[in-house]
Amino acid sequence: MSVASPLDRATPSRAQNLPYTAVLEVMRAARDNDYDEYSAGGRFVRWDTNESVAPYVPLCRAWEPAATLVLYQSLSIFGADRADKFLVTVAEKPELADMVRKLVVGLGDDVEGMDDGNGQAADSIKLIQVIAACPNLTHLQIRPLHASSRSVLLPVVRSKSLVALVCAPRLARSESSWDQMLYSANFDLLLPTLTSLELDIPLFPQTTFSPRIRHLAPLPLTRLAVHAELRPECVWDLLEAAGSTLEHVYLYFEHLLPIKETAEALAKTATSVQTLEFLSNPTIDELEDFDPDVEPTFDRILPLFKNLRFLAVSTTDISNNLFRLLPPCLKSLRLHGYSTRGLVGINFEMLNALVDPGLEIHLEELSVFDTAEAWGGQRGIALFGRACAARGARLTFLEDPEDSGESEETE
């Protein structure tokens, strides 16, 4: 004999009589949220879109207002057809557009993979019209649009009071240029309301970005992520303008940045930043001119960081003196060896620092992504592992499969 659940025993009248706030919580709980895999956003600010709530809207008339609110609070609109449907709907019911707080727009996975740009310009304009139709946006993710739409996109985005803006890359790398110049004037998107800005721009070497903008007004950014070939001067300006408020920073470049000026700009963030990832993966040609005797970027500034909890840095930007310069507040350190010009062999200077009882560091985790050879093979890794364990820290070594032919983890 089966036993009916409370939901089976619920009558339509009981469901219809639920308070609005209770229905609202039910709808929020009904979203397909996987808290480890958000469907939208970027590196620092992530969220889910709420299309999974759509089937609940017509389920019960009494539930419709709450379900509709949850549905429209966070949307993703991909492709011209969905853009047209949305625009028709909000033209009939403008209050629905007022509900939208978080939005993702894009041409769609299939279109992003096309090299042929035919039709994408017109579709991009429709998607920009979707952005324009939502007056209360706070979070916006823009997937690649046709570059010809830039003159329409920029004033629309600037008209919003956004707190988070994510400029995302194409899903597949392509040499096609239809989206290449969309963000060539990316600093036009520096809104005074933004607290989070993420620029993940295709790394086309021929792209020409806007010239340096000096004397930027102070920015209230707390999160900044740049994965793009911006001019170094542009990065310095961003860091200096937002330095006193930045808490989380991610910077990735495929070239070496001038050491002195970059160190000075990063130093502007030293009092506030808590997590910092600075990864430079330079070309072979640049590494030919790499001088290991010049004091690297982070040797100059590390002691200045008073609130830094997590640091990820490439080995070309540190020296053997790294551990003696770490701020005591640092809990997690990750080192990336993108080239053989970084650390090589068993580095006894670094090892001696780790075992020095007079050294005041409080690392809980050291992660290394490099070839085993660069750290003295398995013997060298074992020595560093024991030194970390003596301090109560954990060493995780991830061997670069491109260099070694295999990937392994050593703890």
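Residues numbered from 1 in each chain as written. Predicted model: local features only at pLDDT ≥ 70, side-chain atom pairs only at ≥ 80, totals over all residues. Heavy atoms only, no water.

Student: Help me understand the packing of aromatic side chains in this model?
Tutor: Two measures describe an aromatic ring pair: the distance that separates the ring centres and the angle between the ring planes. In the structure shown here, the tally under the stated rule is 2 aromatic pairs. Centre to centre, the rings of W375 and F384 are 5.0 Å apart; their planes meet at 75°, and the pair counts as edge-to-face. Judged by relative accessible area, which is 2%, F384 ranks as buried. Here R43 stacks its cationic end above the ring of Y250, 3.6 Å away from the centre of that ring. (Phe/Tyr/Trp six-rings, centres within 6.5 Å; stacked < 30°, edge-to-face > 60°. Buried < 20%, exposed > 50% of the residue type's maximum accessible area, 1.4 Å probe, protein only. Lys NZ or Arg CZ within 6 Å of the ring centre and 35° of its normal.)

Student: What is the right way to read the pairing of strand β9 (residues 248-253) from this model?
Tutor: Side-chain direction in a regular strand flips from residue to residue, so the side chains alternate between the two faces of the sheet. By the criterion of burial, β9 is predominantly enclosed, with 6 of the 6 residues buried. Burial along β9 is two-sided: the residues H248, Y250 and Y252 and V249, L251 and F253 are all buried. Note that strand β8 (residues 223-227) and β9 share 5 bridges and pair parallel. Within the sheet, the bridge partner assigned to L224 lies in β9 and is V249. Taken together, β8, helix α10 (residues 232-242) and β9 constitute a β-α-β crossover, and its handedness is right-handed. (Helix = DSSP H or I, 4+ residues; strand = E, 2+ residues; numbered from the N terminus. Pairing = 2+ DSSP bridges. Right-handed = clockwise from strand over helix to strand, strands pointing away.)

Student: I tried to follow the packing of α10 against helix α11 (residues 259-267) on my own but got confused; where do I start?
Tutor: Each packed pair of helices is defined by two parameters, the angle between the axes and the distance between the axes. Packing of α10 against α11 leaves a shortest axis separation of 8 Å and a crossing angle of 20°. When the interaxial angle is binned, α10 and α11 end up roughly parallel. Remark: the crossing between α10 and α11 carries left-handed chirality. Where α10 abuts α11, its residues W236, L239 and E240 lie against E261, T262, A265 and L266. Grouping the constituent residues of the contact of α10 with α11 by class yields 4 nonpolar, 1 polar and 2 charged. (Axes fitted to C-alpha atoms, helices over the stretch in contact; angles between N-to-C directions. Parallel < 35°, antiparallel > 145°, perpendicular 65-115°, else oblique. Left-handed = near helix turned anticlockwise from the far one by under 90°. Contact = heavy atoms within 4.5 Å. Nonpolar A, V, L, I, M, F, W, Y, C, P; charged D, E, K, R; others polar.)

Student: I tried to follow the nonpolar core on my own but got confused; where do I start?
Tutor: A general trend in soluble globular proteins is that nonpolar side chains are found buried together. Of all hydrophobic cores here, the largest spans 99 residues; its most connected members are F86, L103, L165, F298, F323 and L333. The element that contributes the greatest number of residues to this core is α10, accounting for 7 residues. Discounting chain neighbours no more than four positions away, the residues touching L103 are W47, L75, I77, V130, I131, L137, H139, L140 and Q141. Ranked by size, the runner-up nonpolar core spans 7 residues in total, among them A225, Y252, L279 and F310. (Core = buried A, V, L, I, M, F, W, Y, C linked by side-chain atoms within 4.5 Å.)

Student: How do you make sense of the side chain of S314 when you look at a structure like this?
Tutor: Note on placement: S314 falls in strand β11 (residues 310-314). Using a relative accessible area of 1% as the deciding quantity, one classes S314 as buried. Side-chain polar atoms of S314 contact the backbone nitrogen of S280, separated by 3.1 Å. For S314, the side chain forms a polar contact with the side chain of D317, separated by 2.5 Å. S314 has contacts with F278, L279, S280, H336 and Y338, leaving out every residue within four places of it along the chain. (Polar contact = N/O pair within 3.5 Å; in protein donor to acceptor, adjacent residues only side chain to side chain.)

Student: Hey, could you run me through the pattern of salt bridges in this one?
Tutor: Any two side chains of opposite charge can pair, so long as their charged atoms come close to each other. What the rule picks out here adds up to 6 salt bridges. The salt bridge partner of D84 is K126, with a shortest N-O separation of 3.2 Å. Placement of D84 in helix α5 (residues 80-92) and of K126 in helix α8 (residues 120-132) is noted, with a sequence separation of 42 residues between them. On the accessibility criterion, D84 (30% relative accessible area) is partly exposed. Under the relative-accessibility criterion, K126 is labelled partly exposed at 26%. The closest approach of N and O atoms between R324 and D356, which form a salt bridge, is 3.1 Å. In this pair, R324 sits in helix α14 (residues 322-325) while D356 sits in the loop between α15 (348-355) and β13 (365-370), placing the two residues 32 residues apart along the sequence. Take R324: its relative accessible area is 39%, and that puts it in the partly exposed class. You can call D356 partly exposed: its relative accessible area is 24%. Taken together, the salt bridges that share partners define one network made up of R43, E277 and R334. (Salt bridge = Lys/Arg side-chain N within 4 Å of Asp/Glu carboxyl O.)

Student: It is not clear to me how the environment of V249 should be interpreted in this structure. Could you clarify?
Tutor: Here V249 is to be found in strand β9. Of the residues examined, V249 reaches a relative accessible area of 2% and is grouped as buried. Expressed as a C-alpha distance, the spacing of V249 and L239, which sit 10 residues apart in the sequence, is 9.2 Å. Filtering out sequence-adjacent residues up to four positions away, V249 remains in contact with F44, L224, L239, V273, T275, L276 and E277.

Student: Please explain the pairing of β13 as it appears in this structure.
Tutor: Of the strand pairs in this sheet, strand β12 (residues 332-336) and β13 are connected by 5 bridges, and their pairing is parallel. The partner of L335 across the bridge, within β13, is V368. Of the strand pairs in this sheet, β13 and strand β14 (residues 394-399) are connected by 6 bridges, and their pairing is parallel. Within the sheet, the bridge partner assigned to S367 lies in β14 and is T396.

Student: Where do I start with the packing of α15 against helix α16 (residues 377-390) in this structure?
Tutor: Across the interface, α15 lies against α16 with an axial gap of 9 Å and an inter-helix angle of 20°. When the axes of α15 and α16 are compared, the pair comes out roughly parallel. The crossing of α15 and α16 is left-handed. Judged by residue contacts, M350, L351, L354 and V355 of α15 engage L383, F384, A387 and C388 from α16. Along the lines of polarity and charge, the residues of the contact of α15 with α16 split into 8 nonpolar, no polar and no charged.

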